[in-house]
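Examination of the molecular architecture
If you want the building blocks of each chain, they are given just below.
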Amino acid sequence: MEKMDLKACVRSVRDFPKEGVVFRDVTTLFQNPDAFEQLMQEMVASLQGLDVDLVLGPEARGFTVASVLAYALHAGFVPVRKPGKLPAETVSYSYDLEYGSDTLEIHRDAIRPGMRVAVADDLLATGGTALAACRLAEQLGGKVVAVRFAIELEGMGGREKLRDYDVDAVMTFPGD
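These remarks concern the structure in this document. (Residues numbered from 1 in each chain as written. Predicted model: local features only at pLDDT ≥ 70, side-chain atom pairs only at ≥ 80, totals over all residues. Heavy atoms only, no water.)

Once that is clear, we can look at the overall build of the protein. Within the protein, the secondary structure is distributed over five helices and nine strands. Rg of the C-alpha trace for the protein: 16 Å, near the compact-globule value of 16 Å for 176 residues, within the 12% margin. Dimensions along the principal axes, computed over C-alpha positions, put the protein at roughly 40 × 40 × 30 Å. Expressed as a percentage of the 176 residues in the protein, the buried residues total 47%. At a minimum sequence separation of 6, the contacts of the protein that also span at least 24 residues come to 56%. Carbon and sulfur atoms make up 48% of the accessible area of the protein, which amounts to about 9,000 Å² in all. (Helix = DSSP H or I, 4+ residues; strand = E, 2+ residues; numbered from the N terminus. Rg over C-alpha atoms; globule rule 2.2 N^0.38 Å. Buried < 20%, exposed > 50% of the residue type's maximum accessible area, 1.4 Å probe, protein only. Contact = heavy atoms within 4.5 Å. Areas by Shrake-Rupley, 256 points an atom, 1.4 Å probe, with all protein chains shown as cover.)

Structure (C-alpha cells):
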C-alpha cells in the first residue's frame, strides 16, 4: 500500500466548538479504510518492543484508537470513562480544565501492580485527559510505558504536561 498523506484526511472545522478554534476532526480519517489502516500501523509500530500489557483509551474517540492498538499488540483494553459509566468499583482522578474541572474513572480491578500500560487517544492538546489516564494507571500500580496520539496540536502545552512519559503522535497540526 502506498503511503498516504494522513493530514489530508483530517477535516478542519473552523469556529468549533467556539469562535476562533480550528477543530481537527479525525473521524474523517477513521472513515477512510486505507488511511485508518496506515494510522494504526504507524501507532502499533511505535509501541513494538515495549511489552504492553494494557492499552487505556479515554472516551470517546480514544476507544477507537486504543482498542485497535490493544488488538494488534495482543494486549488488553481498558476504557477510561466519565463518572457513573462503569458498573463495578472504580478509582477516579480529577483534574483542572481551562474553565472548570473534570474527572475520569477506571475499574479498580483493571490494572494489577507491575502491568505495562500504554495510553492512547486521538488527539493531544493540553494533555489533561492523557495525564489523568496515566495517573489512574499509576494509582493501581501500573507502569506507563508510552502515551500515543493520532494528532498532536502544537503549542497547547500537552507534550510539556506529559514530559515524564514517552509521548509520540503520528501527525502534528498548529494549535489554533
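Still more to cover.
Over the atoms rolls a probe the size of a water molecule, and its path tells where empty space is left. Volume-wise, the largest pocket comes out at about 1,100 Å³. Residue lining of the largest pocket: 35 residues in total, with Leu97, Leu123, Ala125, Thr126 and Thr129 positioned closest to the centre. Only strand E2 (22-25), strand E5 (90-97), strand E6 (100-107), strand E7 (116-124), helix H4 (128-139) and strand E8 (143-154) provide two or more residues apiece to the lining of the largest pocket. When residues in the lining of the largest pocket are grouped by element, the largest group, four residues, is from E7. Of the residues belonging to the lining of the largest pocket, the class tally is 18 nonpolar, five polar and 12 charged. (1 Å grid on protein atoms, 1.4 Å probe; cavity = no way out; pocket = protein on both sides within 12 Å on 5 of 7 lines; lining within 4 Å. Points joined across faces, edges and corners; volume = space filled by probe spheres on them. Nonpolar A, V, L, I, M, F, W, Y, C, P; charged D, E, K, R; others polar.)

Attention now moves to the packing of aromatic side chains. One pass over the full model with this rule turns up three aromatic pairs. Here Phe63 and Phe77 contribute two aromatic rings whose centre-to-centre distance is 6.0 Å and whose plane-to-plane angle is 80°, an arrangement assigned as edge-to-face. Here the residue Phe63 occupies a position in helix H3 (residues 61-73), and Phe77 occupies one in strand E4 (residues 76-80), the gap between them amounting to 14 residues. For Lys7, the ring lying beneath its charged end belongs to Phe173, and the centroid distance is 5.0 Å. (Phe/Tyr/Trp six-rings, centres within 6.5 Å; stacked < 30°, edge-to-face > 60°. Lys NZ or Arg CZ within 6 Å of the ring centre and 35° of its normal.)

Core analysis: the largest hydrophobic core is formed by 31 residues, its most contacted members being Leu29, Leu39, Val52, Val55, Leu69, Ile151 and Met171. Taken together, the elements giving at least two residues each to this core come down to helix H1 (27-31), helix H2 (33-45), H3, E7, E8 and strand E9 (167-174). With residues near it in sequence (within four places) discarded, Val52 still touches Leu73, Ala75, Arg116, Ala118 and Val145. Counting 29 residues, the second-largest nonpolar core is a separate cluster that includes Leu104, Leu136, Leu140 and Tyr165. (Core = buried A, V, L, I, M, F, W, Y, C linked by side-chain atoms within 4.5 Å.)

Checked against the element boundaries, Asp25 lands in strand E2. Overall, the relative accessible area of 10% leaves Asp25 in the buried class. There is a polar contact of 2.6 Å between the side chain of Asp25 and the side chain of Thr27. (Polar contact = N/O pair within 3.5 Å; in protein donor to acceptor, adjacent residues only side chain to side chain.)

An α-helical segment advances 3.6 residues per turn. Residues three or four places apart therefore align on the same side. With 13 residues, H3 should reach 18 Å at 1.5 Å per residue; the first-to-last C-alpha distance of 19 Å fits that figure. Residues of H3 that are buried: Gly62, Val65, Ala66, Leu69, Ala70 and Leu73. The buried residues of H3 occupy an angular sector of 130° when projected down its axis, which confines them to one face. Where H3 is buried, its residues meet H1, H2, strand E3 (54-58), E4 and E7. (Expected span 1.5 Å × (residues − 1). Arc of directions from axis to C-beta.)

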